[in-house]
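Take a look at the letters that make up each chain.
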Amino acid sequence: MAPIPISPTDRLFILTGAGISAESGLPTFRASDGLWAGHRIEDVCTPEALDRNPALVWQFYSERRASCHAAQPNPAHIALAELESKLGDRFFLCTQNVDDLHERAGSARLVHMHGELAKSRCSEECGAAPVEDHAVYRTLDEVGRCVCGARLRPHIVFFGEIPLDMDRIQREIARCTMMLVVGTSGSVYPAANFVHWARQGGARTIYIGPEPPLNTAAFTQVVEGNAGTVLPGLFQI
Ligand code: OAD
């Protein structure tokens, strides 16, 4: 297909989901062999799960950390980092992913709306800032403590919790002229609404992934294919 032109006045907002890391070997959530296939969300990704069985929650996220350490950025992550280097502050990346493959590819203007695997924070929400934590814990006893004494929890937005950086995200969507969404099924809110907000603001909206997402009707263009194949060379600046 012909490259999509980006003009000197365009502002690009990008939303990525698990699909962009699939070609790095990290499983998505809702595929038949995905992360949620072997786990009930309410056992590993809710505040209640953390209260009830913190050992299981930490086991799940320790396994995610180990997979992430072993993975490398793929051509899709690298293409976005290159786009950022050309567009500067006309580029903004919001990822639902908790892996750090965007950063390792060179992206800097990004937010992790669902948290970050490489950080932990106070399980009692004492107000202390999240801390860098790459540890893969084998037992609950190994998990570190916050300065207040409470046990650390993964810095992950659980179901029922409010996504991070929403004010900044809303500001960036309001001023974008083009929204590119990559590798997300459109089933988790508020992220699944971003495309509607962008359309209301008059932006062009493009989806990339091997199958149409649930919110496909809100896109002006759907490019079917794997991100690592489609993204490099997709834009002409
Ligand atoms: P899903 O597993 O729901 O969707 C992954 C999407 O990636 C699907 O639409 C696939 O078609 C697509 N996909 C697969 N391989 C791809 C490839 N090579 N290139 C491009 N796309 C590909 O994952 P998310 O939509 O990211 O939240 O899930 C959203 C949230 O639900 C996650 O952030 C997580 C989860 O519960 C939390 O844990 C808070």
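Further up the page is the structure itself.
Residues numbered from 1 in each chain as written. Predicted model: local features only at pLDDT ≥ 70, side-chain atom pairs only at ≥ 80, totals over all residues. Heavy atoms only, no water.

**Here's the deal with the environment of Gly25**
Tracing the backbone through its elements, the reader meets Gly25 in the loop between strand S2 (12-16) and helix H1 (41-44). On the accessibility criterion, Gly25 (58% relative accessible area) is exposed. Sequence separation between Gly25 and Pro73 is 48 residues; the distance between their C-alpha atoms is 9.7 Å. (Helix = DSSP H or I, 4+ residues; strand = E, 2+ residues; numbered from the N terminus. Buried < 20%, exposed > 50% of the residue type's maximum accessible area, 1.4 Å probe, protein only.)

**Looking at the side chain of Thr46**
Locating Thr46 in the fold gives a position in the loop between H1 and helix H2 (47-52). Of the residues examined, Thr46 reaches a relative accessible area of 9% and is grouped as buried. From its side chain, Thr46 meets the backbone oxygen of Glu42 in a polar contact 3.4 Å long. Excluding residues that lie within four positions of it along the chain, Thr46 makes contacts with Ile41, Phe158 and Phe159. (Polar contact = N/O pair within 3.5 Å; in protein donor to acceptor, adjacent residues only side chain to side chain. Contact = heavy atoms within 4.5 Å.)

**Some points on the sheet that holds strand S8 (residues 178-182)**
Judged by pairing direction, the sheet is parallel, and its six strands sit side by side in the order S4-S3-S2-S8-S9-S10 without closing on themselves. This sheet does not close on itself; its edge strands, each paired only once, are strand S4 (110-112) and strand S10 (221-224). Each neighbouring strand pair of the sheet contributes to a mean axis angle of 15°, computed without reference to strand direction. As judged from the five bridges shared by S2 and strand S3 (residues 91-95), these two strands associate in the parallel manner. Each residue of the ladder has a partner; that of Leu12, found in S3, is Phe91. (Pairing = 2+ DSSP bridges. Axes fitted to C-alpha atoms, helices over the stretch in contact; angles between N-to-C directions.)

**Things to note about the sheet that holds strand S6 (residues 131-132)**
Spatially, S6-S5-S7 is the arrangement adopted by the three strands of the open sheet, whose pairing is antiparallel. Whereas interior strands pair on both sides, the edge strands pair on one side only; in this sheet they are S6 and strand S7 (152-156). Examined bridge by bridge, strand S5 (residues 115-122) and S6 share two bridges and lie antiparallel to one another. Of the residues in S6, the one forming a bridge with Lys119 is Glu132.

**Looking at the state of the cysteines**
Each disulfide consists of a covalent bond between the sulfur atoms of two cysteine residues. One pass over the full model with this rule turns up zero disulfides. Note on Cys146: no disulfide assigned, nearest cysteine sulfur contributed by Cys126 at a separation of 3.6 Å. (Disulfide = S-S within 2.5 Å.)

**Re helix H4 (residues 75-87)**
With 13 residues, H4 extends 18 Å from end C-alpha to end C-alpha; this agrees with the ideal 18 Å at 1.5 Å per step. Listed in full, the buried residues belonging to H4 are Ala76, His77, Ala79, Leu80, Ala81, Leu83, Glu84 and Leu87. The inward-facing, buried residues of H4 abut S2, S3, helix H5 (101-105), S8, helix H8 (227-230) and strand S11 (235-236). Where H4 begins, the side chain of Asn74 points an oxygen toward the backbone nitrogen of Ala76, at a separation of 2.7 Å. Looking one or two residues past H4, Gly88 carries a phi angle of roughly 60°, positive in sign. (Expected span 1.5 Å × (residues − 1).)

**Some words on the site of the ligand**
The environment of the ligand is formed by 24 residues, the closest being Phe29, Arg30, Thr184, Ser185 and Glu211. Glu23 places a side-chain nitrogen or oxygen 2.8 Å from a nitrogen atom of the ligand. Here the ligand has 800 Å² of accessible area as a free molecule, and 92% of this is covered by the chains. Among the residues forming the shell around the ligand, the class breakdown is 11 nonpolar, 10 polar and three charged. (Near = heavy atom within 4 Å. Areas by Shrake-Rupley, 256 points an atom, 1.4 Å probe, with all protein chains shown as cover. Nonpolar A, V, L, I, M, F, W, Y, C, P; charged D, E, K, R; others polar.)

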